[in-house]
Amino acid sequence: MTPADRIARTVRADVLAQTAYPVAPAAPDVIKLDAMECPYPLPDRLRQEIAQAVAGTALNRYPGADDPELKAQVAHAFGVPSGAALLFGNGSDELIHLLVQACCAPGDTVLSPWPSFVYFDMAARFDHARFVGVPLTAALELDLPAMLAAIAAHRPKLVFLALPNNPTGGLWPDEAIQAIVDAAPGLVVIDEAYQPFAGHSWMPRLLDHPNVVVMRTVSKIGLAGLRFGYLAGHPDWIAQIDKVRPPYNINVLTQAALRVVLREKALLDAQAARLRADREPLAQALAALPGVTVYPSAGNFVLARFEGKLDGNAVHLALKTRKILVKNLSSAHPLLANCLRISVGAPDENTALLAALKELSSP
Ligand code: PMP
């Protein structure tokens, strides 16, 4: 018997049918604008400090139990209201799993506006929940009546709201979110992965609602390699979700690096502010290209639809041959036909992207 036979008989049918979460390989010399990373490396001085802190860790030991000092440092750095508790995750990807595992029995519903972060759907299904995506409007905005109708029909245990939304960049209005929170019978997870670029947050209002938690990550503010996300919520919610967390999920190297980096939070804020300032000029320059529609974004990326001389697939490919990577969403969802998602890069990267696109769109 070959492994293939045994695999076909053993692995879940839905997993067999699934393709793995796509991570595009990137050569060191490419301009990488496909994953909403921060283009700026940490300064050498800080890297040295991290190296020292990491060198001092006890790798022969498991990470200690929850470190209240690290929790306090995270709470302070990110404006978590006093009275809220924190749960740490190996990236917010892990937190998404923990939320589904803690709340959903097999067949229970997880709901989100759609298209949104693909991992809401993947994690829900891997954890035996049912995923319902409620289509955005044709203008890629939240369809509140459709959301309320879907909540009434499906009674979801969990509603995920990415604010700003990935991949569209939209930041849904507070009143609409409030209506969803009021209507949801279970827990509403406000995913603020891109909050540092939006200047707007539900974090200060976290404890005003009995059914809201706020999820964040450090991935978009310069620390994607660290794999660290946090969930803030009422201590009673956090205590339940913590029960399904794998022990020791945040390794000692991550913890040590984080302690150092958080002392320099102002640096991360300055980088985020820079990307935020560079977003509008990039969006405007893209919108000035023939046949390109750009959607309003509050994140560190813009979504653009290419319907000119070249379609989305062709532009994606042509950029790739010029060593510029962007995310092709053309076949991800009918609402995203011909759409590419482009991270805001460093100024020279944005310039190179625009030069390539101008060249591609010239007659
Ligand atoms: N939420 C949203 C909306 C995202 O776009 C992403 C990353 N693409 C994540 C969460 C996951 O981030 P991480 O696991 O790196 O913390």
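Residues numbered from 1 in each chain as written. Predicted model: local features only at pLDDT ≥ 70, side-chain atom pairs only at ≥ 80, totals over all residues. Heavy atoms only, no water.

- The name recorded for the protein in an unreviewed UniProt entry is Histidinol-phosphate aminotransferase, from Bordetella trematum.
- Under the UniProt heading Subunit (unreviewed entry), the note attached to the protein is "Homodimer." (UniProt positions renumbered as here; feature names shortened; annotations may be inferred.)

**Considering the pattern of salt bridges**
Inference 1: Evaluated as defined, the whole model comprises 20 salt bridges.
Inference 2: Linking lysine 265 and aspartate 269 is a salt bridge whose minimum nitrogen-to-oxygen distance equals 2.9 Å. You can see lysine 265 and its partner aspartate 269 sitting in helix α11 (residues 265–287), 4 residues apart, about one turn around the helix.
Inference 3: Since its relative accessible area comes to 16%, lysine 265 is described here as buried.
Inference 4: Given the relative accessible area of 37%, aspartate 269 is considered partly exposed.
Inference 5: In this structure, a network of salt bridges that share partners links the residues Arg45, Glu49, Arg263 and Glu264. (Salt bridge = Lys/Arg side-chain N within 4 Å of Asp/Glu carboxyl O. Helix = DSSP H or I, 4+ residues; strand = E, 2+ residues; numbered from the N terminus. Buried < 20%, exposed > 50% of the residue type's maximum accessible area, 1.4 Å probe, protein only.)

**Observations regarding the site of the ligand**
Inference 1: Neighbouring residues of the ligand: 13 residues in total, closest Ser92, Asp191, Tyr194, Thr217 and Ser219.
Inference 2: Within the side chain of threonine 217, an N or O atom sits 2.6 Å from an oxygen atom of the ligand.
Inference 3: In this structure, an oxygen atom belonging to the ligand sits 2.8 Å away from a side-chain N or O atom of arginine 227.
Inference 4: At a threshold of 2 Å from the grid points, most atoms of the ligand map onto the largest pocket. (Near = heavy atom within 4 Å. Polar contact = N/O pair within 3.5 Å; in protein donor to acceptor, adjacent residues only side chain to side chain. 1 Å grid on protein atoms, 1.4 Å probe; cavity = no way out; pocket = protein on both sides within 12 Å on 5 of 7 lines; lining within 4 Å. Sits in = over half its atoms within 2 Å of the grid points.)

**Here we look at the domain arrangement of the protein**
Interface size, as often reported, equals the accessible area lost upon joining of the parts.
Inference 1: Per the domain assignment, the segments making up the protein are domain 1 (3–42 + 266–361) and domain 2 (59–263).
Inference 2: For domain 1 versus domain 2, the distance between C-alpha centres works out to 23 Å.
Inference 3: At the junction of the two partners, domain 1 supplies 31 residues and domain 2 supplies 33 residues.
Inference 4: Taking both sides of the interface into account, the surface hidden between domain 1 and domain 2 amounts to around 2,500 Å²; carbon and sulfur atoms contribute 66%.
Inference 5: Contact with domain 2 buries area across many residues of domain 1, yet Tyr21, Leu268 and Leu335 alone supply 22% of it, more than any other trio.
Inference 6: On the surface where domain 1 and domain 2 come into contact, there are 0 salt bridges.
Inference 7: There are 9 residue pairs in polar contact (both at pLDDT 80 or more) connecting domain 1 and domain 2.
Inference 8: Broken down by secondary-structure element, the contributors of at least two residues to the side of domain 1 that touches domain 2 are α2 (13–17), α11 and β10 (301–306). (Domains from an automatic or database assignment. Contact = heavy atoms within 4.5 Å. Buried area = accessible area lost by both parts, 1.4 Å probe.)

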